[in-house]
Amino acid sequence: MTQTRKKALAHEEPAGFGSKTPFPRYFSTELGCMYLGDSLSFLRNQVADATVDLIVTSPPFGLVRKKGYGNVDADRYVEWFRPFGEQFRRVLKPNGSLVLDIGGSWNPGQPTRSLYHFELLLMLCRDAGFHLAQDFIWWNPAKLPTPAEWVTVRRIRIKDAVDYIWWLSPSPWPRADNRRVLAPYSESMQVLLKNGYRAKLRPSGHDISEKFAVDNGAAIPPNLLAIPNTESNSYYLRYCREHELKPHPARFPAELPEYFVRLLTDPGDFVLDPFAGSCVTGEVAERLGRRWLCSELVEEYLQGAQARFSPEARKQTQTVLFPGSGLAKNERTSYRVFHPAALWNSVDHGCLPQDGGRKRRHISEPKSDAK
Ligand SMILES: C[S@@+](CC[C@H](N)C(=O)[O-])C[C@H]1O[C@@H](n2cnc3c(N)ncnc32)[C@H](O)[C@@H]1O
């Protein structure tokens, strides 16, 4: 048994363990383990205090339209989550991090948004002892325009295409290094680096020095993560199809946990995903040499998840490097963000609805020859 594996076992069976029924391991690898069962009792019984470096997870959201695995209503969400928050705080090392991917939700029957994900954040910071290290937005350019009634039928709301990512930590000083997640320079920055930059005071008051034009090989990325969730022909999906398993209906793309595993942990550190689903986090942690634990309620999801760890699957998920720099590359995230507020197809649809769209109107679509 390797040194790393011994350490992982020490986490699974902390001091004081023994009187309670151990959770059966569903599947294990050199670096990690999947457990089947309720993660709250898994955490309470199996994970010792202050042992985890990073929890990165996507809990069930407080959705109106529920997924197959069940979702808690937005108005009960914070109380449902509270004991998880307490356990997360207990098992994290003081300089560790909790990264929560959480989508917003609409209020039932009306075109307004629930505040549940903001209330969750407040509860975690005010009651559970976390600090908000930083908030991120995950933009999924492939999201469909829903709810159709508000977005495509009455045309009174905009496509909701982002999730919120709350990066929380027990201390204001979690371990992190942004040089692990640098991005390629934008075209305009490349021009500036080539032509040089004259130091000056910007209208905003920022005093930009000549150091701004030093080529560091790559840029510090913004807290906007553009990742399309479009997996359609992966080894995981093919395995599910071949074995007549239902693929998990709400998987996050591997780039999401990968970003935070790189930013917030070192090789050999311990990563946990308590709402594991198809175990994307475990797959990423294994590939990056981090120890990991995943727990999940639904056995069928773990049956499919095992496929992620086969040698064939691993061949297909190797990280591609940005040429010459050793940086992770993901060309698929090079999206254009257009300047907002223009009527791009030049078709004027008349006055705004006085009733805010309460009554369904007939919406005329532009003729196909409209310029
Ligand atoms: C949004 S999904 C996570 C998907 C996952 N990130 C992936 O990419 O496959 C949330 C998962 O949490 C699981 N879950 C809900 N309550 C749980 C609990 N108490 N213990 C363990 N898993 C739970 C659900 O079955 C569901 O698979």
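Residues numbered from 1 in each chain as written. Predicted model: local features only at pLDDT ≥ 70, side-chain atom pairs only at ≥ 80, totals over all residues.

Here the focus is the sheet that holds strand 5 (residues 131-139). Within a sheet, neighbouring strands are paired by backbone hydrogen bonds and run either parallel or antiparallel to one another. Strand order in the open sheet formed by nine strands is 1-2-11-10-3-4-6-5-9, with mixed pairing between adjacent strands. Only two strands of the sheet have a single partner each, and these edge strands are strand 1 (25-28) and strand 9 (224-226). Looking at each pair of strands side by side, their axes are set apart by 20 degrees on average, direction ignored. Pairing analysis gives three bridges linking strand 5 to strand 9, with the strands arranged parallel. Paired with Trp 139 across the bridge in strand 9 is Ala 226. Each of strand 3 (52-57), strand 4 (92-103), strand 5, strand 9 and strand 10 (270-273) is contacted by helix 8 (residues 255-264), which is oriented at about 160 degrees to strand 3, the strand it contacts most. Packed onto the sheet, helix 9 (residues 280-287) meets strand 2 (32-36), strand 3, strand 10 and strand 11 (291-296) and runs at close to 170 degrees relative to strand 11. (Pairing = 2+ DSSP bridges. Helix = DSSP H or I, 4+ residues; strand = E, 2+ residues; numbered from the N terminus. Axes fitted to C-alpha atoms, helices over the stretch in contact; angles between N-to-C directions. Contact = placed C-beta atoms within 7 Å.)

A few words now on helix 7 (residues 235-242). Among the residues of helix 7, those classed as buried are Tyr 236, Tyr 239 and Cys 240. Projected down its long axis, helix 7 shows its buried positions confined to an angular sector of 100 degrees, all on one face. Away from its buried face, by an angle of more than 90 degrees, helix 7 presents the exposed residues Arg 241 and Glu 242. Lining the buried residues of helix 7 we find helix 10 (299-305) and helix 11 (311-316). Phi turns positive one or two residues past the end of helix 7, at Glu 244, with a value near 50 degrees. (Buried ≥ 20, exposed ≤ 12 C-beta atoms within 10 Å, placed from the backbone. Arc of directions from axis to C-beta.)

Contact geometry of helix 2 (residues 39-46) with helix 3 (residues 77-91) gives a least axis separation of 10 Å together with a crossing angle of 30 degrees. When the axis of helix 2 is compared with that of helix 3, the two are roughly parallel. Where helix 2 crosses over helix 3, the handedness of that crossing is left-handed. Residues Leu 40, Leu 43 and Arg 44 of helix 2 form the contact with helix 3, whose participating residues are Pro 83, Phe 84, Gln 87 and Val 91. Among the residues forming the contact of helix 2 with helix 3, the class breakdown is five nonpolar, one polar and one charged. (Parallel < 35°, antiparallel > 145°, perpendicular 65-115°, else oblique. Left-handed = near helix turned anticlockwise from the far one by under 90°. Nonpolar A, V, L, I, M, F, W, Y, C, P; charged D, E, K, R; others polar.)

We now examine the pairing of strand 11. Of all six residues that make up strand 11, six are buried, and the element is covered over most of its length. Because side chains alternate across strand 11, one face comprises the buried residues Arg 291, Leu 293 and Ser 295, and the other comprises Trp 292, Cys 294 and Glu 296, equally buried. Where strand 2 and strand 11 come together, five bridges link them in parallel fashion. The residue bridging Gly 32 from the neighbouring strand is Trp 292, located in strand 11. One ladder, built from four bridges, connects strand 10 with strand 11; its direction is parallel. Note on strand 11: the bridge partner recorded for Val 271 is Trp 292.

In a soluble, globular protein the nonpolar side chains are often hidden away together inside. Core analysis: the largest hydrophobic core is formed by 63 residues, its most contacted members being Met 34, Leu 54, Ile 55 and Val 99. The contacts of Val 99, once residues within four sequence positions are left out, are Leu 54, Ile 55, Val 56, Ile 165, Trp 167 and Phe 260. (Core = buried A, V, L, I, M, F, W, Y, C linked by C-beta atoms within 7 Å.)

In short, shape yes, function no, at least from these values alone.
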